[in-house]
Amino acid sequence: MAAAVQTRASEVSGGNEFAFTDHDFRQIAAMLYADSGISLPETKSTLVYSRLAKRLRALGLESFRQYCELISGPDGTDERHHMLVALTTNVTRFFREPHHFDHLRENVLPPAIEAAKRGGRLRLWSAGCSTGQEPYSIALTLLSVLPNAGDYDIRILASDIDPSVIATARRGIYSESEVASIPADLRRRFLEPAGDGRGLSIGDDARALVAFRELNLIGSWPMKHAFQAIFCRNVVIYFDDETQQKTWRRFQEHLAPGGQLYVGHSERVGVTGFVSSGLTSYQFTGQPR
Ligand SMILES: C[S@@+](CC[C@H](N)C(=O)[O-])C[C@H]1O[C@@H](n2cnc3c(N)ncnc32)[C@H](O)[C@@H]1O
């Protein structure tokens, strides 16, 4: 997310196109929190104003008060979704924090692949997958050690609250600069030129491993099987402390014993049952509850 701006809503509205009061800010923040778990401190009011001003213009509204009336009313469901999309950050890249993928390849995958070859199930989850770079990086890491991964019961669940990023992820087409952080040999083996000659497309081997789903991490989770690894990086960082702790505990329930949780470099998992296995990966030591 953009750097915090030390401004209160009351200061933002001064001389601006739309009136924006502290009360408007608090209403918007409360609705975003209820819908997504994302907690907006008042220091984000400039960001809220600038991202939502486009919505007010598109809707022909004159003030944030009118906008708040719309999103809190019975006809506001669609706009609440637009608001969520406008206020979430989707920044991601291929092989972000590459040590996580090295750790996955060297520590998690060898025993899990052996088990899959004996008929076992291997499940990995990218929770908050944004536009797909994270789950495809997991798929490419898998293919680097098991090029015929598709022959086994191996799947990567990739989920996000925002259907528009899921749609981009499903398309699986990226620019030359976006794919530059993929190791060259993996790019050569598992990506192909996109149909229109612009950018590169994720090849079928990697696509076949990934199932994209819309899923709100603060809602119910329909998955029944345990995961050998969960990547949830730079997502719960926007939640308040209580929601973060709750989410880490829910991941425990969905990890196989010895399963691995990867979090972003500025995140910490202070929940009993996890031991740090170096950098920002945590091993789940107990039994799923
Ligand atoms: C900054 S991106 C992180 C992408 C990727 N994990 C990475 O680290 O590169 C954060 C993503 O979390 C998603 N997100 C935010 N709140 C969520 C929620 N309650 N449930 C599921 N996804 C959420 C956003 O839509 C966004 O795509």
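Overview of the structure.

1. Some remarks on the overall build of the chain
(1) Moving on: On a plain count of helices and strands, the chain comes out with 12 helices and 10 strands.
(2) Moving on: The C-alpha radius of gyration of the chain comes to 21 Å, within 12% of the 19 Å expected for a compact globule of 289 residues.
(3) Moving on: Each principal axis of the C-alpha atoms in the chain carries an extent, and together these give about 65 × 50 × 35 Å.
(4) Moving on: Among the 289 residues that make up the chain, the fraction classed as buried is 38%.
(5) Moving on: When contacts within the chain are restricted to residue pairs at least 6 apart in sequence, long-range pairs at least 24 apart make up 71% of them.

2. Overview of the site of the ligand
(1) Moving on: Near the ligand there are 23 residues, and of these Thr92, Gly128, Ser130, Ile161 and Leu217 occur at the shortest range.
(2) Moving on: Counted by class, the shell around the ligand contains 7 nonpolar, 11 polar and 5 charged residues.

3. Looking at the sheet that holds strand 3 (residues 173-174)
(1) Moving on: With antiparallel pairing, the 3 strands of this open sheet are ordered in space as 3-5-4. The open sheet is flanked by strand 3 and strand 4 (191-193), the only strands paired with a single partner.
(2) Moving on: Pairing between strand 4 and strand 5 (residues 200-202): 3 bridges, direction antiparallel. Within the sheet, the bridge partner assigned to Leu191 lies in strand 5 and is Ile202.

4. Things to note about unusual backbone geometry
(1) Moving on: Of note in the backbone geometry, Phe95 takes a positive phi value of approximately 50° without being a glycine.
(2) Moving on: Along the chain, Phe95 turns up in the loop between helix 5 (77-87) and helix 6 (98-117).
(3) Moving on: The class of Phe95 is buried, set by 20 C-beta atoms lying within 10 Å.
(4) Moving on: Residue Glu97 is not a glycine yet carries a positive backbone phi of 50°.

5. Some remarks on the packing of helix 3 (residues 45-59) against helix 5
(1) Moving on: Direction vectors running N to C along helix 3 and helix 5 enclose 140°, while the axes themselves pass 10 Å from each other. Compared by their axis directions, helix 3 and helix 5 come out oblique. In the crossing of helix 3 with helix 5, the sense of the turn from one axis to the other is right-handed. Each of Val48, Arg51, Leu52 and Arg55 in helix 3 lies in contact with helix 5, whose residues at this interface are His82, Met83, Ala86 and Leu87.
(2) Moving on: Among the residues forming the contact of helix 3 with helix 5, the class breakdown is 5 nonpolar, 1 polar and 2 charged.

6. Here's the deal with the environment of Val48
(1) Moving on: Mapped onto the elements, Val48 comes out in helix 3.
(2) Moving on: Judged by C-beta crowding, with 24 C-beta atoms within 10 Å, Val48 ranks as buried.
(3) Moving on: Between the C-alpha atom of Val48 and that of Ala86, which follows or precedes it by 38 residues, the distance is 8.6 Å.
(4) Moving on: In contact with Val48, other than residues within four places in its own chain, are Phe25, Ile28, Leu40 and Leu87.

Basis of the calculations
- Residues numbered from 1 in each chain as written.
- Predicted model: local features only at pLDDT ≥ 70, side-chain atom pairs only at ≥ 80, totals over all residues.
- Helix = DSSP H or I, 4+ residues; strand = E, 2+ residues; numbered from the N terminus.
- Rg over C-alpha atoms; globule rule 2.2 N^0.38 Å.
- Buried ≥ 20, exposed ≤ 12 C-beta atoms within 10 Å, placed from the backbone.
- Contact = placed C-beta atoms within 7 Å.
- Near = placed C-beta within 6 Å.
- Nonpolar A, V, L, I, M, F, W, Y, C, P; charged D, E, K, R; others polar.
- Pairing = 2+ DSSP bridges.
- Axes fitted to C-alpha atoms, helices over the stretch in contact; angles between N-to-C directions.
- Parallel < 35°, antiparallel > 145°, perpendicular 65-115°, else oblique.
- Left-handed = near helix turned anticlockwise from the far one by under 90°.

Any functional reading would require information that these geometric values do not contain.
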